[in-house]
Amino acid sequence: MFGMTRKQFLKRSSKTLDETGNHALLIRGLIGQEKDGSIDNDDAYTQTRLIIDGISSTFFDYENINPPSNCNSLHLKILRTLIILQDVASANYDFITRSREDKSIIAQEKLKESENLLDKFRNEFRPLTTEVDSHLIK
């Protein structure tokens, strides 16, 4: 069986980046609500679990594709950004579980960690979307 063509890979990568961007927007909105105190822990927990499941599904679907050999580094970069986003969601999950126990400083540190990881994700995500889009246009 043959692997994917470059164009098929780029289209699949673009779709994955769109899904990833949607997950990032959801987690960003959730973090904002948590900072404002406008969401309760149960709702935040439910939303975070759904986001984590969505990111995992996107990761495993993308991980299993067979990119052309000249696209392996792009494939790995996209997987790496998905891992960073998973770390964001995990840190947010830790914040929620800590907040359930008490309103400790450790819980607030986890919220700050999730914000910092989200910034790291954004810095790596933007160039990837530009790279994939520019290759698709060619």
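What you are looking at is a predicted structure, and each value in this text was computed from that prediction instead of being measured. (Residues numbered from 1 in each chain as written. Predicted model: local features only at pLDDT ≥ 70, side-chain atom pairs only at ≥ 80, totals over all residues. Heavy atoms only, no water.)

Visitor: Account for the overall build of the protein, naming residues and giving values.
Guide: Broken down by element type, the protein carries four helices and zero strands. Start at the N end of the protein and walk to the C end: the helices and strands fall as α-α-α-α. Along the first, second and third principal axes, the C-alpha set of the protein runs to 55 × 25 × 20 Å. Of all 138 residues assigned to the protein, the portion counted as buried reaches 40%. Accessible surface, the protein as shown: approximately 8000 Å² in total, 51% of it carbon and sulfur. Between the averaged position of the 19 positive side-chain charges in the protein and that of its 21 negative side-chain charges there is a distance of 8 Å. (Helix = DSSP H or I, 4+ residues; strand = E, 2+ residues; numbered from the N terminus. Buried < 20%, exposed > 50% of the residue type's maximum accessible area, 1.4 Å probe, protein only. Areas by Shrake-Rupley, 256 points an atom, 1.4 Å probe, with all protein chains shown as cover. Lys, Arg positive; Asp, Glu negative; His and termini not counted. Charge placed at Lys NZ, Arg CZ, Asp CG, Glu CD.)

Visitor: Describe the packing of helix α1 (residues 6-36) against helix α4 (residues 105-137), naming the residues involved and giving the relevant values.
Guide: One can describe the packing of α1 onto α4 by two numbers: an axis separation of 10 Å at closest approach and a directional angle of 155°. Classed by the angle they form, the pair α1 and α4 counts as roughly antiparallel. Crossing angle aside, the handedness with which α1 passes α4 is left-handed. Split by residue class, the contact of α1 with α4 holds twelve nonpolar, seven polar and nine charged. (Axes fitted to C-alpha atoms, helices over the stretch in contact; angles between N-to-C directions. Parallel < 35°, antiparallel > 145°, perpendicular 65-115°, else oblique. Left-handed = near helix turned anticlockwise from the far one by under 90°. Nonpolar A, V, L, I, M, F, W, Y, C, P; charged D, E, K, R; others polar.)

Visitor: Report on the packing of aromatic side chains, specifying residues and quantitative values.
Guide: In this structure the tally under the stated criterion is four aromatic pairs. Each ring, one from Phe9 and one from Tyr62, has its centre 6.3 Å from the other, and the planes form 35°; the classification is tilted. One end of the pair, Phe9, is in helix α1; the other, Tyr62, is in helix α2 (residues 41-63), and 53 residues separate them in sequence. Of the two residues, Phe9 and Tyr62, both sit in the buried class. Taking the centre distance of 5.4 Å and the plane angle of 80° together, the rings of Phe59 and Phe60 count as edge-to-face. (Phe/Tyr/Trp six-rings, centres within 6.5 Å; stacked < 30°, edge-to-face > 60°.)

Visitor: If you had to explain the environment of Asp53 to someone new, which residues and values would you point to?
Guide: As for its position among the elements, Asp53 is in helix α2. On the basis of relative accessibility, which here comes to 42%, the residue Asp53 falls in the partly exposed class. Once the C-alpha coordinates of Asp53 and Gln86 are considered, the two residues, 33 residues apart in sequence, prove to be 9.5 Å apart.

Visitor: I'd love a proper account of the nonpolar core, names of residues and values included.
Guide: With 35 residues, the main nonpolar core has Ile27, Ile78 and Leu85 as its most contacted residues. Elements supplying a minimum of two residues to this core: α1, α2, α3 (72-101) and α4. Among the elements that line this core, the one with the most residues is α3, at eleven residues. Excluding residues within four positions of it along the chain, Leu85 makes contact with Thr20, His23, Ala24, Ile27, Ile55, Leu118 and Phe121. (Core = buried A, V, L, I, M, F, W, Y, C linked by side-chain atoms within 4.5 Å. Contact = heavy atoms within 4.5 Å.)

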